[in-house]
Amino acid sequence: MDSEQRRKRKRIYKPNANFFSVRSLTVCLSFFVFLLFISSDRSPIRTGSFRPVLYVPASLSLLPARLALTRDSFGARSLSLIVEDRVLLPDHLLLIVSNKLRTSDNFLCVYYSLFNSSSSEDVVLKPAISVDEYRGDKSIVRCQLPPMNFSTAVNLRRTWEVAEGDGLLRGLNLRPHEDSDTTQFRCHFSLTNFDKGEGFVFTTEATAAAQEVLRCLLPRSVRRNPEKAMGIRVTVSRVDADENAIDGPLPSVAKVYGTKTYKRRSYSGKKYELCACTMLWNQASFLREWIVYHAWLGVERWFIYDNNSDDEIQEVIDELNLQNYNVSRHAWPWTKAQEAGFSHCALRARSECKWLGFFDVDEFFFFPRHRARDMQGQSSLRTLVAKYTNSPKYAEIRIICHSFGPSGLTAAPSQGVTVGYTCRLQAPERHKSIVRPELLDATLLNVVHHFRLQRGYRYLNVPESKAVVNHYKYQVWDTFKTKFFRRVSTYVANWQEDQNKGSKDRAPGLGTVAIEPPDWRLRFCEVWDTGLKDFVLANFADTATGFLPWERSPF
């Protein structure tokens, strides 16, 4: 009898194969708690307005490495840091660091041999090229390229120690000037890295894909509580028609960020009528003239995308802001990625600006006095675009460019380009655009000079008799030759490369080497045009000294 009762008890307490194991229940419960955290309003992280920013540069990240920061002043204490990503660019190695570093500090980049030898000869030290602020609370450190047979897992010294980990580089290369099939891509969101293809939290569809920009549908929980998702990593993968993965997820430095990440100056919530965006490299000496002049024409807000300058441009911007010019600098470390930078700027400015102009620091809008008297005076450019702010038809204004040459000069003009260069080519070349950023196509597709617009909207060509852009394209040789270093546009060949020699992106008659032609100072001179020079001297020069506001006084 006792044995029969024991058999019954075993049958009663025998585990049922249809129930989850304790381990499975634990995993499910943990994931459920995470979802509650993302969707709950009880988290101490507050929500707010959010605009996603997705970076998809041509070269993507290396694997992250944990670092320890030690300072003699800290004694035995150390501050833990994380190098979130490393990116190998054509002319330097970029480190993205999780903490904000002082740009005045000196760092050494430490390179380790690939042969894993313990010899001291297998470690090379080189000074860091520069340290820069990135996204407000992070930093980027630029190092020289690793020597031959040395790893890209670079360390930073005086203050740093690095964990092991070599790099993987892969990029997204879409067709120029065309959008791509979004069904070929999937977006992945994760709290961890993608180096092993694990740790995905959400996968969504791509909503737009063109050139270097791929935009993703945010998961519902992120849309509901965006501030809680700040910093979540984003990457993409390609799939075929049957949803089968063609490639693994791309290593990526992309993260979810909102416009609150960026510092804003003097923004009360009311949109500026006219803003300007540019990308530059080592143009600090020209920036003041460009901003002071166009502020007089009505530009109220400036977005400067700095492509690895080392000419103290931040000091110039700080001086301008002390005079209330409302300028912000954004470090854009990606080389050959101007189109993506302009797409980023268009998204960033959308909440602040009704109109956004994209033009370079050697390009100046001008309203010829003798042809358009009604357009002369302060804020004339802002007045022009404001006429179309509420237009149901126009979302872009295009103005043609005149290209100026060296004008007989052999040294940079002391009073600035607007006064110094007065001889140009007869025929206009290309145009520059001012757009309504909220009316751009979802792909943000652009060819630098203009954007694709939303369906139903078109551009307006301003007659040459009303407005022009003076493009001081061919300056004195010492200034012009820097264009040989590299071009910032993704789809424009660098001038050292033996490609597209007849392109308008090149100077006619020049080869692939920066050698000054004997007659350079006399080239590109067909029409003497002093219109803007006369206008500047009449409206900007000090009546007592004759000095222009961007000149450096000798006293």
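These numbers were taken from a predicted model, which means no experiment stands behind them. The numbering scheme is per chain: residues are counted from 1 as the chain's sequence reads. Two thresholds apply to this predicted model, a pLDDT of at least 70 for residue-level local features and 80 or more for giving and counting side-chain atom pairs, whereas whole-chain, interface and lining totals are computed over all residues. Only hydrogens and water are set aside when side-chain values are computed; all heavy atoms of the structure are taken into account.

Undergrad: Can you break down the overall build of the chain residue by residue, with the values?
TA: Across its full length, the chain holds 10 helices and 23 strands. Residue exposure (1.4 Å probe, protein chains only): buried if accessible area is under 20% of the type maximum, exposed if over 50%, otherwise partly exposed. For the chain, buried positions account for 49% of its 555 residues. Contact between two residues is taken to exist if any of their heavy atoms lie within 4.5 Å; hydrogens are not considered. Sequence-distant contacts, at least 24 apart, represent 73% of the contacts inside the chain between residues at least 6 apart. To be clear on the numbers: accessible area is Shrake-Rupley with a 1.4 Å probe, and residue cover counts the displayed protein chains and nothing else. Within the structure as shown, the chain displays about 27,700 Å² of accessible surface, and the carbon and sulfur contribution to it stands at 50%. Segments assigned H or I by DSSP are reported as helices when at least four residues long, segments assigned E as strands when at least two residues long, and all are numbered from the N terminus.

Undergrad: With reference to specific residues and values, describe helix 6 (residues 338-349).
TA: Note that an α-helix has 3.6 residues per turn; residues three or four places apart therefore point the same way. By definition here, a helix of n residues has an expected span of 1.5 Å times n minus one. The end-to-end C-alpha separation of helix 6 is 16 Å, in line with the 16 Å expected for 12 residues at 1.5 Å each. In this structure, the buried residues of helix 6 make contact with strand 11 (213-216), strand 13 (272-280), strand 14 (301-306), strand 15 (327-331) and strand 16 (353-358).

Undergrad: Describe the packing of helix 4 (residues 284-297) against helix 5 (residues 313-322), with residues and values.
TA: Lines fitted to C-alpha atoms define the axes, with helix axes restricted to the stretch in contact, and inter-axis angles between N-to-C directions lie between 0 and 180 degrees. For the pair helix 4 and helix 5, the least separation of the axes is 9 Å and the interaxial angle reads 25°. The orientation of helix 4 with respect to helix 5, classified from their angle, is roughly parallel. For the element pair helix 4 and helix 5, the recorded crossing hand is right-handed. Residue-level inspection shows Ala284, Leu287, Arg288, Ile291 and Val292 of helix 4 in contact with helix 5, the latter providing Ile313, Val316, Ile317 and Leu320. We call two directions roughly parallel when the angle between them is under 35 degrees, roughly antiparallel when it is over 145, roughly perpendicular when it lies between 65 and 115, and oblique otherwise. Crossings are sorted by hand: turned counterclockwise from the far helix by less than a right angle, the near helix makes the crossing left-handed, and turned clockwise it makes it right-handed.

Undergrad: Run through the state of the cysteines, naming residues and quoting values.
TA: The disulfide criterion used throughout: a pair of cysteine sulfur atoms within 2.5 Å. Tallied over the entire structure, the rule returns 5 disulfides. Each disulfide pairs two cysteine sulfurs, and for Cys277 the partner residue is Cys345, the sulfurs being separated by 2.4 Å. Here Cys345 lies in helix 6 and Cys277 lies in strand 13, a separation of 68 residues in the sequence. Summarising the burial analysis for this pair, Cys277 and Cys345 share the class buried. Across the disulfide, Cys423 is cross-linked to Cys525 (sulfur-sulfur distance 1.8 Å). Sign of the S-S torsion, about 85° for the bond between Cys423 and Cys525, identifies this disulfide as right-handed. Linking Cys423 in strand 19 (residues 423-424) with Cys525 in the loop between helix 9 (477-480) and strand 23 (527-528), this pair joins segments that are 102 residues apart in sequence. Exposure remark for Cys423: the relative accessible area of 0% places this residue in the buried category. Across the chain, the way the bonded cysteines pair up, counted in sequence order, is 1-2, 3-4, 5-8, 6-7, 9-10.

Undergrad: Could you give me a rundown of unusual backbone geometry, with the residues and numbers involved?
TA: Positive phi is not limited to glycine here, since Ser407 has a value of about 60°. Relative to the elements of secondary structure, Ser407 occurs in the loop between strand 18 (394-403) and helix 8 (417-420). The backbone phi angle of Arg430 is positive, close to 60°, even though this residue is not glycine. Along the chain, Arg430 falls in the loop between strand 19 and strand 20 (431-435).

Undergrad: Outline the pattern of salt bridges, listing residues and values.
TA: Salt bridges are defined as contacts in which a side-chain nitrogen from Lys or Arg sits within 4 Å of a carboxyl oxygen from Asp or Glu. Using the criterion set out here, one finds 17 salt bridges in the structure. Glu363 is paired through a salt bridge with Lys432; the nearest N and O atoms lie 3.4 Å apart. On the criterion of sequence distance, the pair formed by Glu363 in strand 17 (residues 363-366) and Lys432 in strand 20 is long-range, its members being 69 residues apart. For Glu363, a relative accessible area of 2% translates into the label buried. Salt bridges sharing common partners tie together Asp132, Arg142, Asp306 and Arg329.

Undergrad: So what's going on with a negative patch on the surface? Which residues, and what values?
TA: A residue counts toward a patch only above 30% relative accessible area and without a salt bridge, and it is joined to like-charged neighbours within 9 Å or, for Val, Leu, Ile, Met, Phe, Trp and Tyr, to nonpolar neighbours within 5 Å. Asp and Glu are treated as the negative residues and Lys and Arg as the positive ones, with His and the ends of the chain left uncounted. Every charge is mapped onto a representative atom, which is NZ of Lys, CZ of Arg, CG of Asp or CD of Glu. A cluster of like negative charges, contributed by Asp310, Glu312, Glu315 and Asp318, occupies part of the molecular surface. You can see Glu312 is positioned in the loop between strand 14 and helix 5.

Undergrad: If you had to explain the side chain of Asn446 to someone new, which residues and values would you point to?
TA: Along the polypeptide, Asn446 turns up in the loop between strand 20 and strand 21 (458-461). Think of a polar contact as two N or O atoms within 3.5 Å of one another; within protein, one of them needs to be a possible hydrogen donor and the other a possible acceptor, and neighboring residues in sequence only count if both atoms come from side chains. A polar atom in the side chain of Asn446 sits 3.1 Å from the backbone oxygen of Glu339. Within the structure, Asn446 has its side chain in polar contact with the backbone oxygen of Leu444 (distance 3.2 Å). Not counting residues within four places of it along the chain, the set of residues in contact with Asn446 comprises Gln211, Glu339, Phe342, Ser343 and Phe451.

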